Amino acid sequence: MSNEKKTWDEKVKLILEELENRISTENTEKGSRVQEAGRQPKIQSQKAKWKKKRFRQEILLQAVKSAAFLLATVALIQGIVKVLPDSITVSNSVDGRELPIYCVETDKKQIALSFDAAWGNEDTATILEILRKYNVKVTFFMTGGWVESYPEDVKAILADGHDLGNHSENHKNMSQLSDSEIEEELMAVHRKVKELTGYDMFLFRPPYGDYDNDVIKVAKKCGYYPIQWDVDTLDIKGMTF
């Protein structure tokens, strides 16, 4: 079966499985080299392995059932503006609370994959390679520091047809900042990416998922669609695929 004929559910499973296997293999090889140097690699307990397997199964089940979800950091977010007519509002307010976009309603069986780029690039090339293999496009939400540290990776991501998303300049809790500080957090990294690639970012994911009405309003004022996830991999807690 060709990649084009596979359903999105099948593609996501294949991508996640290959990412897990590739990264796991690389980490094992690194651990082996450390052991040869006389240092024992950290051994994961059976209980932890079971929890990881169970978590992976639950997340995959949610992904299959979900019509669209946003993190990792995130496959069809590219073109979100095309999917939604200009007459449709892409943000919402509930009881006076401004909300970001959690998902996009569509008749198609589609999901949106995203990655947060803020703390290193050890797996970036592997991720791009696998996404390229399955012809899947995602969004990389990046901080200003990451853009400065890995400019060639930023260019490679864009060259492969993925969206570049704004994850703030310094990865701060945005709801704790003033309006002017929020705007600067957004526009500082925007200017860096624009200067580096010529690309005008328009998707913003607040660090830690932290936002309030002011964050949403300032983001929209700056020409951004505020984006949130509705399925979380919890990888920052050590529970990943």
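See the structure printed just above.
Just so it is clear, the model here is predicted, and its values are computed rather than measured.

Definitions and cut-offs
- Residues numbered from 1 in each chain as written.
- Predicted model: local features only at pLDDT ≥ 70, side-chain atom pairs only at ≥ 80, totals over all residues.
- Heavy atoms only, no water.
- Helix = DSSP H or I, 4+ residues; strand = E, 2+ residues; numbered from the N terminus.
- Buried < 20%, exposed > 50% of the residue type's maximum accessible area, 1.4 Å probe, protein only.
- Areas by Shrake-Rupley, 256 points an atom, 1.4 Å probe, with all protein chains shown as cover.
- Pairing = 2+ DSSP bridges.
- Core = buried A, V, L, I, M, F, W, Y, C linked by side-chain atoms within 4.5 Å.
- Contact = heavy atoms within 4.5 Å.
- Arc of directions from axis to C-beta.
- Salt bridge = Lys/Arg side-chain N within 4 Å of Asp/Glu carboxyl O.

### What to know about the overall build of the chain
- When helices and strands are counted, the chain shows 8 helices and 7 strands.
- Looking at the chain as a whole, 43% of its 241 residues qualify as buried.
- Summed over all atoms, the accessible surface of the chain reaches about 13500 Å², with 49% contributed by carbon and sulfur.

### Concerning the pairing of strand 3 (residues 114-117)
- In the sheet, strand 3 pairs with strand 4 (residues 139-142) via 4 bridges, with the strands oriented parallel. Residue pairing for strand 4: Asp 116 is matched across the bridge by Phe 141.

### Some remarks on the nonpolar core
- In this structure, Leu 131, Phe 140, Met 142, Leu 164, Leu 186 and Tyr 224 are the most contacted members of the largest nonpolar core, which totals 40 residues.
- Secondary structure elements with two or more residues in this core: helix 1 (8-36), strand 3, helix 4 (124-133), strand 4, helix 5 (144-149), helix 6 (151-159), helix 7 (179-197) and helix 8 (213-221).
- The element that contributes the greatest number of residues to this core is helix 7, accounting for 5 residues.
- Those residues within four positions of Met 142 in sequence are excluded, and the remaining contacts are Ala 117, Val 147, Val 154, Ile 157, Leu 164, Gly 165, Asn 166, His 167, Ser 168 and Val 189.
- Formed by 5 residues, the second largest nonpolar core is a distinct cluster that contains Ile 101, Val 104, Phe 141 and Leu 203.

### Regarding helix 6
- The set of residues buried in helix 6 consists of Asp 153, Val 154 and Ile 157. Buried residues of helix 6, seen end-on, are gathered within an arc of 105° and therefore sit on one face of the element. Among the exposed residues of helix 6, those pointing more than 90 degrees away from its buried face are Glu 152 and Ala 159.
- Among the structural elements, helix 4, strand 4, helix 5, strand 5 (163-166) and helix 7 are those in contact with the buried residues of helix 6.
- Gly 161, located one to two residues past helix 6, shows a positive phi value of around 90°.

### Brief notes about the pattern of salt bridges
- Across all of its chains, the model carries 9 salt bridges by this definition.
- The shortest N-O distance in the salt bridge between Glu 152 and Lys 155 comes to 3.6 Å. Pair noted here: Glu 152 and Lys 155 are both in helix 6, with a separation of 3 residues, about one helical turn.
- For Glu 152, a relative accessible area of 55% gives the class exposed.
- Glu 169 serves as the salt-bridge partner of Lys 192, at 2.4 Å between the closest nitrogen and oxygen. Of the two residues, Lys 192 sits in helix 7 while Glu 169 sits in the loop between strand 5 and helix 7, which places them 23 residues apart along the sequence.
- Glu 169 sits in the buried class, given a relative accessible area of 14%.
- Connected through shared salt-bridge partners, Glu 148, Glu 169 and Lys 192 make up one network.

### Digging into the environment of Met 201
- Position of Met 201 among the secondary structure elements: in the loop between helix 7 and strand 6 (203-204).
- Look at Met 201 and you get buried, because its relative accessible area is 3%.
- In this structure, the C-alpha to C-alpha distance between Met 201 and Asn 166, residues 35 residues apart in sequence, is 6.6 Å.
- Excluding anything up to four places from it in sequence, Met 201 contacts Leu 164, Gly 165, Asn 166, Val 189, His 190, Val 193 and Tyr 224.

On their own, these measurements won't tell you what the molecule is for.
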